[in-house]
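# Survey of secondary and tertiary structure
This is what each chain is made of:
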Amino acid sequence: MMVGRLAIVLRAGALTLLAAFFFLPIAYLVSVSFKPRDDVLSGEFLPLRPTLDNWPGAFAATDLGAFIVNSIVVSLGSALITLLVTLPAVYGVVRLGVGGKWAPQLTLGSYVAPPIVAAIPLFFLLRGAGLINTHWGLALVQGFANVPVAYWLVTPFLRNIPVEIEEAAALDGATPVGTLVCIVIPLMAPGLAATAVILTILAYTEFLFASTFTFSDATRTLPVGLSLFQGDRLVNFGQMAAAALTGLIPVYLVGLFMQRFLLQGIAHGGIR
Amino acid sequence: MTLAATVRQPLPALTGAGSAVRHLRRALWLAPLGLSLLVVLVYPLVLLIGLAMTSSTLGRPFNRFVGLDQIVAGLLDPVFQAAVFKSVAFGFVASALQLAAGFGIALLLTEWVRAGRLLLTLVLLPLMTPPVIAGIAWKLILAPAGGLLNGQLMQWGLIEAPISFLGTPGLAWLSILAADFWQWTPFVVILSFAALMGIPPEMREASLLDGATPLQHLVHVTLPLVAAPLASIFLLKLIIAFKLFDLVHVLTFGGPGFDTTNASFWIWRSAFERFDVGRAAAATIVYAAVLGLVTLPVVHLCRRLEARR
């Protein structure tokens, strides 16, 4: 009995410590964002003399609003592009038997190459096409680059739908395109929502392509803008923390509302 | 008449053409995927080979043919050799640590499902945090003058003078490992949790009835059952760890000296700071080949475990 209680206490302690560890950096960002300039590097966790100045200060010091809008536009656009590429491909491979084995293998295999491999060639391609330093250019590149992830996530969602429904539709004279749009996509809606959220977050957080292919305030995404903030000679850490948190709010809100879908999506894709 | 109808009722004389059209229509399903693979896979590889064999800058590519000179130079460059080694070592060390910790946490969560749900939500936070922001947060924690960690360590009397975590060789890598651990362990937790939830609960009851201790149950029942998914999680995590770039950029910018310069960062600086695209392309080919070589055994392991299931 004593041993059992001890085990419970130990486990509760371990879980609390873990929760603290995963929450700590975010909590510290929040705290620093309320610290006046002279207190930022005091080594204390909580602000000694809290101030609100950093929040408007962050917007005044940089084009923060524009960075966030750029990020949202690019990440939504890229998620849309990824889905438009992936959905017909998965349907074609799984249900219509197009592409055989090579299509999935090549697609998933392409994920192994780190993005730096494609960075230099894509720079020349975007410059040649006049898409360098544009929202569309970045969305296109990120959208294509995330196709393997979407392919991996969507395939089991499609496999889980009983094929009989589609066969019935085909008997009624529906074309494959009609079946995909009117029957399969609605049935996969929860899985597709999870996939779309994951794709959007992936693009929203991406840094390497974004920093290489955008170089004006009109196109820079949030991670790029924040990394420049850092390069300034006089770094105002309070403002930097406030700016970082402002950029986190959209992702965390999405995460909060789509939590269930997100966990399902990640877990579903990984384990089959 | 629509194309579909034409194809469905071919005139006898046109059967050959009809089947070709049908073939083409089926291939259309994969056309967007083909375009995407062409842009992010085939074209980059072809162009990289071209750039690697010519003296090229960002402004003027394909200046002069140099053959294999740049690839040989890349293979012999000690800084680049070290950078490739660091990328590979980081990948294996970070993934192994995160797999062990993430699986352990997932085990704790399965024992306590209700608290587990709450923690799963919390664990999503690092995963959704852009790496640049994670880097900023960790930079504030690890700052030498008045960062949170130094402040606390000094208050507790554990150290006399502040430590420059990001400016000391060795410690700088540990700092990157810590930030990466924070960011990616949750991914392992969620996947391991799902794998563990896939084990039928009767298994546990059966082995407890047989008088197995929790440790015996873990080693002889649970681990063999989740070995295949765990290997896949490790592979996935390894691939992600080989992409490490943002945390290096934000936390150390490859320093102190070249201490935390890994292959991705070395290539990026060569191409986009020194504009020596030819050399960077040659290095990229070398790096990609090395990654292929070191990933292959892990892919093999996954296949074997999957086949045994």
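One can find the structure itself at the top, above this paragraph.
Notes on the structure follow. (Residues numbered from 1 in each chain as written. Chains lettered and ligands numbered in written order. Predicted model: local features only at pLDDT ≥ 70, side-chain atom pairs only at ≥ 80, totals over all residues. Heavy atoms only, no water.)

This next bit is on the side chain of A:Asn236. Residues and elements named next belong to chain A. Checked against the element boundaries, Asn-236 lands in the loop between helix H12 (222-231) and helix H13 (237-257). Overall, Asn-236 belongs to the buried group, its relative accessible area being 10%. Ignoring any residue separated from it by four or fewer positions in sequence, one finds Asn-236 in contact with Arg-37, Asn-54 and Phe-229. (Helix = DSSP H or I, 4+ residues; strand = E, 2+ residues; numbered from the N terminus. Buried < 20%, exposed > 50% of the residue type's maximum accessible area, 1.4 Å probe, protein only. Contact = heavy atoms within 4.5 Å.)

In the Ramachandran plot, A:Asn133 falls in the positive-phi region, its phi being about 60° despite a non-glycine side chain. Take A:Asn133: it is sitting in the loop between helix H5 (115-128) and helix H6 (135-145). With phi around 60°, B:Phe275 is a residue other than glycine that occupies positive phi space. Here B:Phe275 falls in the partly exposed class, since its relative accessible area comes to 42%.

With that out of the way, let us pick up the interface of chain B and chain A. Taken together, the contacts link 88 residues of chain B with 89 residues of chain A. Both faces considered, chain B and chain A share a buried interface measuring about 7700 Å² in area, 82% of it formed by carbon and sulfur atoms. For the chain B face of the interface with chain A, the top three residues by lost area are B:Trp29, B:Met128 and B:Leu140, together amounting to 11%. Seen at the junction of chain B and chain A, the total is zero salt bridges. (Buried area = accessible area lost by both parts, 1.4 Å probe. Salt bridge = Lys/Arg side-chain N within 4 Å of Asp/Glu carboxyl O.)

Together, A:Ile249, A:Leu253, A:Leu256 and A:Phe257 make up an exposed nonpolar region whose accessible area comes to about 440 Å². Along the chain, A:Phe257 falls in helix H13. (Patch = residues over 30% accessible without salt bridge, like charges linked within 9 Å, V, L, I, M, F, W, Y side chains within 5 Å. Areas by Shrake-Rupley, 256 points an atom, 1.4 Å probe, with all protein chains shown as cover.)

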